[in-house]
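So the chains spell out like this:
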Amino acid sequence: MPGISARGLSHEGRKQLAVNLTRVLALYRSILDAYIIGHLSRFMALGLGLMVKSIEGDQRLVERAQRLDQELLQALEKEEKRNPQVVQTSPRHSPHHVVRWVDPTALCEELLLPLENPCQGRARLLLTGLHACGDLSVALLRHFSCCPEVVALASVGCCYMKLSDPGGYPLSQWVAGLPGYELPYRLREGACHALEEYAERLQKAGPGLRTHCYRAALETVIRRARPELRRPGVQGIPRVHELKIEEYVQRGLQRVGLDPQLPLNLAALQAHVAQENRVVAFFSLALLLAPLVETLILLDRLLYLQEQGFHAELLPIFSPELSPRNLVLVATKMPLGQALSVLETEDS
């Protein structure tokens with residue numbers, strides 16, 4: 001989504017904060033990262049030389065991340081032999097991967113255990129989450145708020161439709177006091193789509209727009225076969241526009257655990273396909289609300305931190321065309337300007 005102006009900062013100040021965001025990581029020796037396959041963790045550990053602990057609930061994704069760690073280490077060793085003057089020769093530490101589901105309503109002791117003994121006093125921890133899914137973003141905020149060891153936060157949220165209701169939204173007292181603050185599943189799900197990418201698809205008017213109509217037709221079949229099965233995750237079916245509607249429905253049924261050989265009413269499915277333009281129009285109108293809904297969710301998180309006396313800003317850190325979830329919520333327990341001043345002192 002487009003950037004939100006950071007409150008209380010000039011345009012140049014906001015730009016400088018965005019530029020310095022990755023450098024702020026160097027303030028802290030230990031980083032706690034919520035991730036999927038660990039690209040951010042890998043960069044911070046092997047690229048910046050930081051001690052990083054990564055939390056992920058899926059054992060398969062952790063194993064994949066560990067394989068990628070080893071592949072990168074091997075590539076760095078080869079490059080070091082070819083160009084010893086270019087590649088750093090200091091010891092490298094891969095991220096420490098932990099398989100753990102994090103309860104958004106309770107503190108996770110594993111998150112707070114340091115990877116090394118702090119040299120002086122209490123460990124300083126930075127919590128990060130690059131596209132931390134659903135309640136995981138909420139858990140990061142609560143750990144930041146409750147734990148003195150956690151002194152900074154950098155969070156980019158995702159998958160708002162997976163937020164617990166109640167518990168995941170609203171977080172701030174101010175938003176909870178607004179009339180009509182509720183955000184039903186459909187609105188939160190719509191806020192996760194890529195508005196800029198879809199606008200480009202509309203301009204090209206290619207056959208890929210058929211996807212939404214096919215998915216809507218599949219939903220009618222699922223509801224007829226299993227009325228209690230709501231919002232099943234179908235995941236992406238490749239090259240949808242090259243499939244006949246019945247082929248798509250059969251693949252979709254299999255992905256949600258239903259019999260792909262269920263008898264289909266082809267006439268009804270073709271009638272749904274004939275409504276493709278209306279489905280595209282409806283989806284386009286729904287997407288117009290996406291930035292508004294995402295803004296409300298993110299401002300609620302910002303206000304939640306500010307209500308507790310913390311210093312927080314929302315900053316656009318890359319183009320929404322690269323990723324639609326491009327706003328990072330940065331928070332510290334000292335003024336952001338002071339945090340950057342400490343960084344400049346330590347750098348010098």
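Just so we're clear, the structure is a prediction, and the values are computed from it rather than from any experiment.

Observations regarding the confidence of the model for the protein chain
Turning to step 1, where the next piece is worked out: Averaged over the protein chain, the pLDDT score is 76; the fraction of residues at 70 or greater is 77%.
Turning to step 2, where the next piece is worked out: When pLDDT is averaged over each helix and strand of the protein chain, the minimum, 39, is found for helix α1 (residues 11–24) and the maximum, 91, for helix α11 (residues 266–273).
Turning to step 3, where the next piece is worked out: In this model, residues 1–35 is a region of pLDDT below 50 whose contacts with residues beyond four sequence positions or in other chains number 105 contacts.

Concerning the pattern of salt bridges
Turning to step 1, where the next piece is worked out: Overall, the coordinates contain nine salt bridges when judged by the stated rule.
Turning to step 2, where the next piece is worked out: Where K204 meets E200, a salt bridge forms, and the shortest distance between an N and an O atom there is 3.3 Å. Here K204 and its partner E200 are both found in helix α8 (residues 195–204), four residues apart, which amounts to about one turn of the helix.
Turning to step 3, where the next piece is worked out: A salt bridge links R325 to E294; the shortest N-O distance between them is 2.8 Å. Residue R325 is located in the loop between β6 (311–316) and β7 (327–332), and its partner E294 is located in helix α13 (residues 290–307); the two are separated by 31 residues in the primary sequence. The pair R325 / E294 is uniform in exposure class, with both members buried.
Turning to step 4, where the next piece is worked out: Members of the salt-bridge network, linked through shared partners, are R215, E219 and R223.

Points about helix α3 (residues 59–82)
Turning to step 1, where the next piece is worked out: End to end, α3 covers 35 Å across 24 residues, agreeing with the expected 34 Å (1.5 Å per residue, within 8%).
Turning to step 2, where the next piece is worked out: Among the residues of α3, V62, A65, D69 and L73 are the ones counted as buried.
Turning to step 3, where the next piece is worked out: Tucked into the core, α3 has its buried residues touching α2 (39–47), β2 (51–56) and β3 (96–99).

What about the pairing of β2?
Turning to step 1, where the next piece is worked out: Taken across its six residues, β2 has six buried, putting it largely inside the fold.
Turning to step 2, where the next piece is worked out: Alternating positions in β2 separate into two faces, M51, K53 and I55 on one and V52, S54 and E56 on the other, with burial throughout.
Turning to step 3, where the next piece is worked out: Bridge count between β2 and β3: four bridges; the pairing is parallel. Within β3, the residue paired with S54 across the bridge is H97.

Describing the nonpolar core
Turning to step 1, where the next piece is worked out: Of all hydrophobic cores here, the largest spans 34 residues; its most connected members are L141, F144, L153, Y160, L305 and L329.
Turning to step 2, where the next piece is worked out: Mapped by element, the contributors of at least two residues to this core are β4 (125–133), α5 (135–146), β5 (150–158), α13, β6 and β7.
Turning to step 3, where the next piece is worked out: If near-sequence neighbours (up to four positions away) are discounted, Y160 is found in contact with R188, A191, C192, E294, I297, L298, R301 and R325.
Turning to step 4, where the next piece is worked out: Formed by 18 residues, the second largest nonpolar core is a distinct cluster that contains I222, I237, V249 and V273.

Side note on the packing of aromatic side chains
Turning to step 1, where the next piece is worked out: Using the criterion set out here, one finds four aromatic pairs in the structure.
Turning to step 2, where the next piece is worked out: Ring centres 4.9 Å apart and planes at 65° place the aromatic pair F144 and F310 in the edge-to-face group. Of this pair, F144 sits in helix α5 while F310 sits in the loop between α13 and β6, and the two are 166 residues apart along the sequence.
Turning to step 3, where the next piece is worked out: The class of F144 is buried, set by a relative accessible area of 0%.
Turning to step 4, where the next piece is worked out: The ring centre of F144 lies 5.0 Å from the NZ or CZ of K333, which sits over that ring.

Looking at α13
Turning to step 1, where the next piece is worked out: Relative to the 26 Å expected for 18 residues at 1.5 Å per residue, α13 spans 26 Å between its end C-alpha atoms, a close match to the ideal helical length.
Turning to step 2, where the next piece is worked out: For α13, the set of buried residues is A290, V293, E294, I297, L298, D300, R301, L302, L303, Y304 and L305.
Turning to step 3, where the next piece is worked out: Among the residues trailing α13, G309 stands out with phi positive, at a value near 90°.

Parameters and conventions
Residues numbered from 1 in each chain as written. Predicted model: local features only at pLDDT ≥ 70, side-chain atom pairs only at ≥ 80, totals over all residues. Heavy atoms only, no water. pLDDT = per-residue confidence, 0-100. Helix = DSSP H or I, 4+ residues; strand = E, 2+ residues; numbered from the N terminus. Contact = heavy atoms within 4.5 Å. Salt bridge = Lys/Arg side-chain N within 4 Å of Asp/Glu carboxyl O. Buried < 20%, exposed > 50% of the residue type's maximum accessible area, 1.4 Å probe, protein only. Expected span 1.5 Å × (residues − 1). Pairing = 2+ DSSP bridges. Core = buried A, V, L, I, M, F, W, Y, C linked by side-chain atoms within 4.5 Å. Phe/Tyr/Trp six-rings, centres within 6.5 Å; stacked < 30°, edge-to-face > 60°. Lys NZ or Arg CZ within 6 Å of the ring centre and 35° of its normal.

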